[in-house]
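In case you want the letters, here they are:
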Amino acid sequence: MSSYKAVHKTLLSWYEREGRHSLPWRLTDDIYHVYLSEIMLQQTQVNRVRDEYYPLFLEKFPTIKHLADADLNEVLSLWSGLGYYRRARNLYLSAKLSKDGLPTSLKELKSLPGVGDYTASAVCSFALHQSVPVVDTNISRVLKRHFGLLGVKDKIIWKYAEKFLNIEQPRAHNLALMDLGSMICTLKSAECEICPLEKNCQGKEEPTLYTQTKKKEYIKMELYFGVLVQENKIALKFSDDNMYKDMLTLPKVDPLEENFLGSFKHAYTKYRLDVNIYKIEEIDGEIVWIDLEEFDSAPISSLTKKAKKFFE
DNA sequence: ATCCAGTGCC
DNA sequence: GGCACTGGAT
């Protein structure tokens, strides 16, 4: 008998009332759907995934077999604008490795590229209803506050998550903790008055004690790209440096005095970019010509998409 | 200008 | 352990 019986019950009854039950990946047990949602949700907010990328992706690749049989560029095209493009490459690699279905154990899932501790556990819990703890940044914060874990490392948080797990209803329990973390026990403010775990929470007096947010340092940078359009096609190249590595981008140029088409701002990881666009006449190196009509559905980043207004 | 979020490489 | 990797919302 778990010593957490009462608090488990309170948590689940809150979740039944207030949880985000209509998220599409919570209405299915399909492991591919759940796995896809978790990859998309890595470092990415729910709304964009739910409303656009997740449904479109599943429409185009309804099964993991469809995905495995696709071309990488089709996959990247559906990922275009979502960011962290390595996720799409790893997703595709994992599909190739799992043509007959994704593995169903924590260990095998974790061996797939792009699947770490969190995603493997999430799939086992949310799709397979296995009795495993799940720790993402939201759950981690909830547990730190609840158990008063100051300056504790991830390994230990996972131990607490395991100990606290409701083995009667592990899936609902994990989802409840997540929703609590994203809706009530948030990074900046903890609404302890309405929290179902308030009674036993050790962090309620000083919730912010358990979350140190280090202020980000941003680096300003100027970038210069060239636009060359011929016969209704735009010249792109595969990026050879780490910025948008291996993605199709406009060719980089040296800053020019003439043929300036315009500029825009873009945020890229720790950089705050001023992007300048120039009209150019020639390019060296290998060029990929993209039809202007197909530009919107090309495997390109948001930065490259933003440049469109200067050459369309 | 700030918010918000996992994996993997070194 | 530290750092790189994105983008839209607010």
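What you see is a predicted model, and the numbers here were worked out from it, not measured in a lab.

**A few points about the overall build of chain A**
- Looking only at helices and strands, one finds 12 helices and seven strands in chain A.
- Projected onto its principal axes, the C-alpha coordinates of chain A cover approximately 75 × 45 × 30 Å.
- With 312 residues in all, chain A has 49% of them scored as buried.
- When the accessible surface of chain A is summed, it comes to about 17,000 Å², and 50% of that surface belongs to carbon and sulfur atoms.

**Quick look at the protein's contact with DNA strand B**
- Taken together, 17 residues are adjacent to DNA strand B, and Q43, G114, G116, T119 and N138 come closest.
- Each atom of DNA strand B within 4 Å of the protein was assigned to sugar, phosphate or base; sugar and phosphate come to 57%.
- Between DNA strand B and Y118 there is a distance of 3.2 Å, counted from a phosphate oxygen to a backbone nitrogen or oxygen.
- Listing elements by their share of the surface near DNA strand B, those giving two or more residues are α8 (117–126) and α9 (137–147).
- With three residues, α8 is the largest single contributor of residues to the surface near DNA strand B.
- Partitioning the surface near DNA strand B into residue classes produces three nonpolar, nine polar and five charged.

**Observations regarding the domain arrangement of chain A**
- Looking at the assigned domains, one finds that chain A contains domain 1 (1–14 + 133–210), domain 2 (30–128) and domain 3 (219–310).
- Each of domain 2 and domain 3 was reduced to a C-alpha centroid, and the two centroids are 28 Å apart.
- With seven residues of domain 2 at the interface, the matching set in domain 3 holds 11 residues.
- Regarding the contact of domain 2 and domain 3, the summed buried area is about 690 Å², with carbon and sulfur atoms giving 52% of it.
- It is S80, Y85 and R89 that lose the most area in domain 2 upon contact with domain 3, and together they represent 57% of the buried surface on that side.

**Section: the pattern of salt bridges**
- For the coordinates displayed, the defined rule picks out 12 salt bridges.
- As a salt-bridge pair, R20 and D179 come within 2.8 Å of each other at their nearest N and O atoms. Taken together, the positions of R20 in the loop between α1 (5–18) and α2 (31–41) and D179 in helix α11 (residues 170–183) put the pair 159 residues apart, joining distant regions of the chain.
- Judged by its relative accessible area of 24%, R20 falls in the partly exposed class.

**Some points on the protein's contact with DNA strand C**
- Near DNA strand C there are 17 residues, and of these Y85, Y244, Y268, T269 and S302 occur at the shortest range.
- Sugar and phosphate atoms constitute 65% of the interface atoms of DNA strand C, taking the interface as everything within 4 Å of the protein.
- The side chain of K270 places a nitrogen or oxygen atom 3.0 Å from a phosphate oxygen of DNA strand C.
- Taking S302, its main chain carries an N or O atom lying 2.8 Å from a phosphate oxygen of DNA strand C.
- Looking at the surface near DNA strand C residue by residue, the class counts come to six nonpolar, eight polar and three charged.

**Here's the deal with the sheet that holds strand β6 (residues 271–279)**
- Across the sheet, three strands lie side by side as β1-β6-β5; this open sheet has mixed pairing. Looking at strand neighbours, the two that pair on one side only are β1 (219–227) and β5 (260–268), the edges of this open sheet. This sheet shows a mean twist of 20° between the axes of neighbouring strands, independent of strand direction.
- Looking at chain direction, β5 and β6 are connected through eight bridges and run antiparallel. Across the sheet, the residue bridging to S263 is N276, located in β6.

**Thoughts on unusual backbone geometry**
- In the Ramachandran plot, Q43 falls in the positive-phi region, its phi being about 60° despite a non-glycine side chain.
- As for its position among the elements, Q43 is in the loop between α2 and α3 (46–60).
- Relative accessible area serves as the criterion here: at 66%, Q43 is assigned to the exposed category.
- One non-glycine residue, H129, lies in positive phi territory at about 55°.
- Its location among the elements puts H129 in the loop between α8 and α9.

The rules behind the values
Counting restarts for each chain: residues are numbered from 1 in the order of the written sequence. All chains are assigned letters beginning at A, and all ligands numbers beginning at 1, according to the order in which they are written. With pLDDT at 70 or above as the cut-off, local features in this predicted model cover only qualifying residues; side-chain atom pairs require 80 or more to be listed or tallied, and sums for whole chains, interfaces and linings still use all residues. Hydrogens and water are ignored here; the side-chain numbers use all heavy atoms of the structure. Secondary structure elements are defined from DSSP: runs of H or I of at least 4 residues count as helices, runs of E of at least 2 residues count as strands, and each element is numbered from the N terminus. Partly exposed residues are those whose accessible area sits between 20% and 50% of the maximum for their type, while under 20% is buried and over 50% is exposed, using a 1.4 Å probe and protein chains only. Only the protein chains shown count as cover for residues, and the accessible areas themselves come from Shrake-Rupley with a 1.4 Å probe. For each residue, the test is whether any non-hydrogen atom lies within 4 Å of the molecule or strand; if one does, the residue is near. Here a polar contact means two N or O atoms within 3.5 Å. Within protein one must be a hydrogen donor candidate and the other an acceptor candidate, and residues neighboring in sequence count only if both atoms are side-chain atoms. In this count, Pro and Cys sit with the nonpolar residues alongside Ala, Val, Leu, Ile, Met, Phe, Trp and Tyr, while Asp, Glu, Lys and Arg are called charged and the others, Gly among them, polar. Delimitation of the domains relies on an automatic or database domain assignment. Contacts between residues were defined by any pair of non-hydrogen atoms, one from each residue, lying within 4.5 Å. Here the quantity called buried area is the accessible surface, traced with a 1.4 Å probe, that two parts lose on coming together, added over both. Should a side-chain nitrogen of Lys or Arg be within 4 Å of a carboxyl oxygen of Asp or Glu, the pair is scored as a salt bridge. Only when DSSP finds a minimum of two bridges between them are two strands counted as paired. Axis angles are defined between N-to-C directions and span 0 to 180 degrees, where every axis is a line fitted to C-alpha atoms and, for a helix, only to the segment in contact.

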